[in-house]
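So the chains spell out like this:
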Amino acid sequence: MLVAPSILSADFGHLAEDVRAICEGGCDLVHVDVMDGHFVPNLTIGPVVVEAVAKAATKPLDIHLMVQNNTFFVELFAPLKPGYISFHIEEEKHPHRLIQKIRSYGIKPAITLNPHTPPEAIEFLLEDLDMVLLMSVNPGFGGQSFIPSVIEKAKRLKAMIEKRNPDCLIEVDGGVNDKNVRELEAAGVDIVVAGSYVYKHPVSVEAAIASLK
Ligand code: DX5
Ligand code: ZN
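Report on the accompanying structure. (Residues numbered from 1 in each chain as written. Chains lettered and ligands numbered in written order. Predicted model: local features only at pLDDT ≥ 70, side-chain atom pairs only at ≥ 80, totals over all residues. Heavy atoms only, no water.)

**Topic: the coordination of the zinc ion (ligand 2)**
Part 1 of the reasoning: Coordination of the zinc ion (ligand 2) by the protein is provided by His31 (NE2), Asp33 (OD), His64 (ND1) and Asp173 (OD), with metal-donor distances spanning 2.0 to 2.3 Å.
Part 2 of the reasoning: Around the zinc ion (ligand 2), the six donor atoms are arranged such that angles at the metal cover 70 to 170 degrees; this shape is classified as octahedral.
Part 3 of the reasoning: Within one chain, the residues serving as donors to the zinc ion (ligand 2) are arranged as H-x1-D-x30-H-x108-D. Of this pair, His31 sits in strand β2 (residues 30-35) while Asp173 sits in strand β7 (residues 169-173); the two residues are 142 residues apart in sequence, bridging distant segments of the chain. (Donors = N, O, S within 2.8 Å, 3.2 Å for Na, K, Ca; no water. Tetrahedral: all angles 85-135°; square planar, octahedral: opposite > 155°, others 65-115°. Helix = DSSP H or I, 4+ residues; strand = E, 2+ residues; numbered from the N terminus.)

Here is the structure:
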């Protein structure tokens, strides 16, 4: 299992230190939640802060856009050369065009699905994607409870991916811990995002990442 800790649960007073801790602690990606206060009822960080995160990180950034104007934000973050940029299908009229734009910057394109969105919504985009991100909470906040229906969705998506693009990864985000990670793995999930589980772990971020793996 690949692990992408979400820095939303980090201590923003010591952000560079907390980014270095997960990278040294064995994470695979650094998950960055960008919220605009419109698509979701919360507001997080923009390119100035994400640039500082990129400087501290020794693993690729996984930028999760939760915004209304996807193209604007893709152009804003592309110069930071993240590993992945994902955008929500619920907020994009021309997803195929945006996938191509993300790829034109040398960045891996990904699409995110809210808890209610069926995997069939992106069936005909799978061959152009490097990753699909399934939300297992409603986007906007860390520390929420895991929505179990994501397991069935991951299984259905995995079957579609095997048929259309076996290289496409499945990532799950929200309420992930050392208990539900087993079921996620069995459902075909490749990457888990974990915010509060990693940063609030009683032992260390390293122990948290190791337990998810
Ligand atoms: C929620 C974010 C998540 C969040 C996960 O909108 O997309 O990445 O930080 O936090 P936990 O793991 O605490 O649910
Ligand atoms: Zn996220």
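**Regarding helix α3 (residues 70-77)**
Part 1 of the reasoning: Among the residues of α3, those classed as buried are Asn70, Phe73, Val74 and Phe77. Looking down the long axis of α3, one finds its buried residues gathered within 105 degrees of arc, a one-sided arrangement.
Part 2 of the reasoning: In the core, the buried residues of α3 are packed alongside β2, α2 (47-56), β3 (61-66), β4 (84-88) and α4 (95-104). (Buried < 20%, exposed > 50% of the residue type's maximum accessible area, 1.4 Å probe, protein only. Arc of directions from axis to C-beta. Contact = heavy atoms within 4.5 Å.)

**Quick word on the sheet that holds strand β5 (residues 108-113)**
Part 1 of the reasoning: Ordered in space as β1-β8-β7-β6-β5-β4-β3-β2, the eight strands form an open sheet in which the pairing is parallel. Each having just a single partner strand, β1 (2-5) and β2 make up the two edges of the open sheet. Direction aside, the axes of adjacent strands within the sheet are offset by 25 degrees on average.
Part 2 of the reasoning: Judged from the six bridges that link them, β2 and β3 form a sheet pairing that is parallel. Looking at β3, one finds that Val34 is bridged to Leu65.
Part 3 of the reasoning: Along the sheet face, α4 touches β4 and β5 and points at about 145 degrees away from the line of β5. (Pairing = 2+ DSSP bridges. Axes fitted to C-alpha atoms, helices over the stretch in contact; angles between N-to-C directions.)

The analysis is restricted to geometry; functional conclusions fall outside its scope.
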